[in-house]
Amino acid sequence: MGKLSRDFYDRDTVQTARALLGKYLVRRWHGLWLAGRITETEAYVGAVDKACHAYGGRRTPRTETLYAPPGTAYIYLIYGMYHCLNFVTEPAGTPSAVLLRGLEAAEGAEFLARNRFGKALAELTPYQKKNFLNGPGKVCRALDLTRAQNGLDLTGDELFLWDAGEAPPADIHVGKRIGIDYAEEAVDFPWRFYL
DNA sequence: TTCAGGATGTACT
DNA sequence: GTACATCCTGAAC
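Rules used throughout
Residues numbered from 1 in each chain as written. Chains lettered and ligands numbered in written order. Predicted model: local features only at pLDDT ≥ 70, side-chain atom pairs only at ≥ 80, totals over all residues. Heavy atoms only, no water. Helix = DSSP H or I, 4+ residues; strand = E, 2+ residues; numbered from the N terminus. Rg over C-alpha atoms; globule rule 2.2 N^0.38 Å. Buried < 20%, exposed > 50% of the residue type's maximum accessible area, 1.4 Å probe, protein only. Contact = heavy atoms within 4.5 Å. Areas by Shrake-Rupley, 256 points an atom, 1.4 Å probe, with all protein chains shown as cover. Lys, Arg positive; Asp, Glu negative; His and termini not counted. Charge placed at Lys NZ, Arg CZ, Asp CG, Glu CD. Near = heavy atom within 4 Å. Polar contact = N/O pair within 3.5 Å; in protein donor to acceptor, adjacent residues only side chain to side chain. Nonpolar A, V, L, I, M, F, W, Y, C, P; charged D, E, K, R; others polar. Core = buried A, V, L, I, M, F, W, Y, C linked by side-chain atoms within 4.5 Å. Phe/Tyr/Trp six-rings, centres within 6.5 Å; stacked < 30°, edge-to-face > 60°. Lys NZ or Arg CZ within 6 Å of the ring centre and 35° of its normal.

K.L.:
If you had to explain the overall build of chain A to someone new, which residues and values would you point to?
P.N.:
A count of helices and strands for chain A gives five helices and nine strands. Ordering the α and β elements of chain A from the N terminus gives β-α-α-β-β-β-β-β-α-α-α-β-β-β. Relative to its length of 195 residues, chain A is compact, with a C-alpha radius of gyration of 16 Å against a globular reference of 16 Å. Principal-axis analysis of the C-alpha atoms gives chain A an extent of 45 × 35 × 35 Å. For chain A, the residues scored as buried account for 49% of the 195 residues in total. Sequence separation of 24 or more characterises 61% of the internal contacts of chain A that already satisfy a separation of 6 or more. Carbon and sulfur atoms make up 53% of the accessible area of chain A, which amounts to about 9300 Å² in all. In chain A, the 24 positive side-chain charges and the 23 negative ones have mean positions that sit 5 Å from each other.

K.L.:
Can you break down the protein's contact with DNA strand B residue by residue, with the values?
P.N.:
Near DNA strand B the following residues occur: Arg58, Thr60, Pro61, Leu77, Tyr79, Gly80, Met81, Lys130 and Arg147. Here the atoms of DNA strand B within 4 Å of the protein split so that 59% fall in sugar or phosphate, with bases taking the remainder. Tyr79 places a polar main-chain atom, nitrogen or oxygen, 2.2 Å from a base oxygen of DNA strand B. When its residues are assigned to classes, the surface near DNA strand B shows four nonpolar, two polar and three charged.

K.L.:
Talk me through the nonpolar core; I want residue IDs and the actual numbers.
P.N.:
If you look at the biggest cluster of nonpolar residues, it comprises 35 residues, and the most contacted ones within it are Leu25, Leu85, Phe87 and Leu161. In terms of nonpolar packing, the next biggest core, distinct from the first, is built from 15 residues, Tyr44, Leu66, Leu99 and Ala183 among them.

K.L.:
Tell me what's going on with the packing of aromatic side chains, and back it up with residues and numbers.
P.N.:
Inspection of the entire model under this criterion finds six aromatic pairs. Each ring, one from Phe8 and one from Tyr9, has its centre 5.5 Å from the other, and the planes form 75°; the classification is edge-to-face. Phe8 gets classed as buried once you look at its relative accessible area, which sits at 13%. Between Phe117 and Phe132, the aromatic rings sit 6.1 Å apart at their centres with planes inclined by 25°, giving stacked as the arrangement. Note that Phe117 is positioned in helix H3 (residues 109-117) and Phe132 in the loop between helix H4 (126-130) and helix H5 (136-143), a separation of 15 residues in sequence. The exposure class of Phe117 is partly exposed, given its relative accessible area of 23%. For Lys3, the ring lying beneath its charged end belongs to Phe160, and the centroid distance is 4.6 Å. Between Arg177 and the ring centre of Tyr44, over which it is positioned, the NZ or CZ distance is 4.6 Å.

K.L.:
Any chance you could break down the protein's contact with DNA strand C for me, citing the residues and the numbers?
P.N.:
DNA strand C sits among 18 residues. The nearest are His53, Asn86, Arg116, Gly137 and Tyr182. The sugar-phosphate backbone supplies 62% of the atoms of DNA strand C found within 4 Å of the protein. Within the side chain of Arg101, one N or O atom sits 3.5 Å away from a phosphate oxygen of DNA strand C. Counting residues per element, the ones that place at least two in the surface near DNA strand C are strand S4 (73-78), strand S5 (82-88), strand S6 (96-107) and H5.

K.L.:
Could you give me a rundown of the environment of Gly56, with the residues and numbers involved?
P.N.:
The residue Gly56 is located in the loop between strand S3 (32-45) and S4 in this model. Gly56 sits in the exposed class, given a relative accessible area of 63%.

K.L.:
Quick one: what's the story with H5, residue by residue and with numbers?
P.N.:
With six of its eight residues buried, H5 lies for the most part within the structure. Every buried residue belonging to H5 is among Pro136, Gly137, Val139, Cys140, Ala142 and Leu143, and all of these are buried. Buried residues in H5 make contact with strand S2 (24-29), S3, S5, S6 and H3. Looking one or two residues past H5, Asp144 carries a phi angle of roughly 55°, positive in sign.

K.L.:
Before we move on, can you summarise the side chain of Glu42 with the specific residues and values?
P.N.:
Checked against the element boundaries, Glu42 lands in strand S3. A distance of 2.7 Å separates polar atoms of two side chains, one belonging to Glu42 and the other to Tyr44. What Glu42 contacts, discounting residues up to four positions off in sequence, is Ala17, Ala97, Val98, Leu99, Arg101, Arg177, Ile178, Trp191 and Arg192.

Structure below.
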C-alpha cells in the first residue's frame, strides 16, 4: 500500500512490466485526481531490443529521457498526433522502460471521458466505453499527458504509481508486442503483459 | 464484426 | 524523403 518507490523501477524491466499490472497510475490534474488501474504493459530493453528507441546505446534529444534514473516518465509523440507514456527502469544510463498500453478508469472518470471524447461519461456510446483506455495513445489523451510531462519524476506528487494493496492479479496473459514489425528478431519477444 | 486508408509532426537518413 | 511503440472513420460483410 502506497506510492511505488524508486526501488520498484530499479530492476529488470520485464519483471517490472509484469509487476505493474493491477497497480494504479495517479495524475494530479488541475487540482483534482485522475487515476486508472493498469491492465496492459510492454517492456523495452535498450541493450538487446531493436524495438527500443535507444537500442544499441542510441542517444538523441528524444531518447535522452530513457537514460534518466529509474522512476522517470518518458513521453514521446508518435504518428504525429498521439503520445505514449513509459516508466523508465533499471539504473541511470541503462536505457530501458515499460510502455503503458492500457488502463481501467478508477478516479475522475468524468474528466477522463471529457479529455478523451469531449463529452460526459453518461453520453458515451457502448463502443466508446469498450474502447475507453485500451491503447497507449488513448491513455495519454484521457490523462492530458504530452511531452510537457516528459522527464517527470514518478516519485513526486504530480504523476506517480500507487499500490492499493490488492492481491497480485491471478491471470496474467503474456504475448508479443504490438506495432513493432520492423524490429526483426525482437518482434517475437514475449514482453507484453495484460489482464 | 473486420479491414483499408488517412491524419499529422518529429526524428532520423 | 521515409518511417513511426496509433487511432478513427467508413465501407463491406
